[in-house]
Amino acid sequence: MVARASLQAFEHPRAVSAPLLTDPVLKVRALTVQFKDFVALNEVSLDLRDGCIHAVIGPNGAGKSTLFNAISGFVKPTRGQIELFGRDVTAWPANRLARLGLARSFQICAIFPELSVEENMLVAQAHASPPLRLLRRRLSGDLAPHNETLLARVGLTSDRRRQARELSYGRRRLLEIATTLALKPRLLLLDEPTSGLGREDIGPVVEMIADAAQDCCVLLVEHNLKVVERLADHVTVLANGAVLSDGSYQDVARDHRVRAAYLGAAADA
Ligand SMILES: Nc1ncnc2c1ncn2[C@@H]1O[C@H](COP(=O)(O)OP(=O)(O)OP(=O)(O)O)[C@@H](O)[C@H]1O
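Residues numbered from 1 in each chain as written. Predicted model: local features only at pLDDT ≥ 70, side-chain atom pairs only at ≥ 80, totals over all residues.

For the chain, an unreviewed UniProt entry supplies the name Putative branched-chain amino acid ABC transporter ATP-binding protein and the organism Bradyrhizobium oligotrophicum S58. Here is the UniProt Function (unreviewed entry) comment for the chain, exactly as written: "Involved in beta-(1-->2)glucan export. Transmembrane domains (TMD) form a pore in the inner membrane and the ATP-binding domain (NBD) is responsible for energy generation." (UniProt positions renumbered as here; feature names shortened; annotations may be inferred.)

Scanning the chain from N- to C-terminus turns up 10 helices and 10 strands. In the chain, which comprises 269 residues, the proportion classed as buried is 42%. (Helix = DSSP H or I, 4+ residues; strand = E, 2+ residues; numbered from the N terminus. Buried ≥ 20, exposed ≤ 12 C-beta atoms within 10 Å, placed from the backbone.)

So, about the pairing of strand E2 (residues 38-49). Sheet topology places strand E1 (residues 24-35) next to E2; 8 bridges connect them, and they run antiparallel. Looking across to E2, one finds that Gln34 is bridged to Val39. The turn linking E1 back onto E2 is made up of 2 residues, and Lys36 within it adopts a positive phi angle of 50°. (Pairing = 2+ DSSP bridges.)

Sheet topology note: the E1/strand E4 (residues 79-84) ladder contains 5 bridges and is antiparallel. Directly across from Arg29, in E4, lies its bridge partner Gln81. Here E4 pairs with strand E5 (residues 87-88) via 2 bridges, running antiparallel. Across the sheet, Glu83 pairs through a bridge with Asp88, a residue of E5. Where E4 folds back on E5, the antiparallel hairpin that results is connected by 2 residues, among which Phe85 adopts a positive phi of roughly 50°.

Let's shift gears to the packing of helix H5 (residues 145-153) against helix H6 (residues 169-182). Between H5 and H6, the least distance of the axes is 9 Å, while the angle of their chain directions is 160°. Put simply, H5 runs roughly antiparallel to H6. The crossing of H5 and H6 is right-handed. Together, Asn147, Leu150 and Leu151 of H5 and Ala178, Leu181 and Ala182 of H6 make up the contact between the two elements. Of the residues belonging to the contact of H5 with H6, the class tally is 5 nonpolar, 1 polar and no charged. (Axes fitted to C-alpha atoms, helices over the stretch in contact; angles between N-to-C directions. Parallel < 35°, antiparallel > 145°, perpendicular 65-115°, else oblique. Left-handed = near helix turned anticlockwise from the far one by under 90°. Contact = placed C-beta atoms within 7 Å. Nonpolar A, V, L, I, M, F, W, Y, C, P; charged D, E, K, R; others polar.)

Further remarks concern the site of the ligand. With respect to spatial proximity, the complete set of residues near the ligand consists of Phe35, Phe38, Ala40, Gly58, Asn60, Gly61, Ala62, Gly63, Lys64, Ser65 and Thr66. Every element with two or more residues in the shell around the ligand is listed here: E2 and helix H1 (64-71). Counting residues per element, the shell around the ligand draws most heavily on H1, which supplies 3 residues. Of the residues in the shell around the ligand, the class split is 4 nonpolar, 6 polar and 1 charged. (Near = placed C-beta within 6 Å.)

Bringing the sheet that holds strand E8 (residues 217-221) into the picture now. The sheet built from 6 strands is open, its strands ordered E6-E7-E8-E3-E9-E10 with mixed pairing. Here the strands that pair on one side only, and so sit at the sheet edges, are strand E6 (102-105) and strand E10 (242-247). Strand-to-strand twist in this sheet, taken as the mean axis angle between neighbours without regard to direction, amounts to 15°. Of the strand pairs in this sheet, strand E3 (residues 53-57) and strand E9 (residues 234-239) are connected by 4 bridges, and their pairing is parallel. Paired with Val56 across the bridge in E9 is Thr236. Packing of H1 onto the sheet brings it into contact with E3, strand E7 (187-191), E8 and E9, and relative to E7 it is tilted by some 150°.

Pairing in this open sheet of 4 strands is antiparallel, and the strands run E2-E1-E4-E5 from one edge to the other. Pairing within the sheet leaves two strands with one partner each, and these edge strands are E2 and E5.

Below, the structure written as structure tokens:
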């Protein structure tokens, strides 16, 4: 579903001083993914630069999730190359990419429903912490201050003892995003982070992503164009598995091909 672009008004686009001349942290070159006879991704290239939030947008079926799956090791590319932090990681499995600092949140909420809110955060913290600190925190059962802040930011502090499965869908999404950020990734892939969230939950998530981007790079698939406008330094538009347009939000919003393929559809939704 193409979400309406007017769910939430943000006052200003993110103020960035993106170092546009640095080498890209993530380089995707001519990436192609074929499922039998169907080409889901066709020679897609993009550069994600240090300190940037890069959004991938496009109509349903454009290939956004396939691109994410290939970058995060869940789908093997048919052709092309992926370079992350200067290493060729093409077709690396997800667990190896995670060790390099890539963390991903999913369109479908991925948390442990039987664990409490706090235990979900502690699991993420355990993955992110060096062993000695991890042991100390395990014994005391404390969340690190950074993770307490994340929990507070998504309004889940008072729910910390509840089982995650008792939370509403929107609250589980918030918890999932908080656990992904607790991993302290170097590259964060967010697949539709605001989908399924109520109007009141979108603002805090957007601010959390903006905060997180001070310490890591973010690649984001998002249907809510107000969120894209607020967060993204750079936007790649996919349509029919290929790059249709690439540039700042203002650049791609002005591109008549994009308006025809995507923005027009959203405006009419
Ligand atoms: N495992 C698969 N086998 C066959 N076809 C697939 C597979 N995964 C995706 N596709 C097809 O590839 C195309 C791109 O799908 P993808 O999910 O990447 O699009 P998307 O841009 O993420 O769409 P949406 O916005 O609806 O999530 C679609 O036509 C989809 O049906």
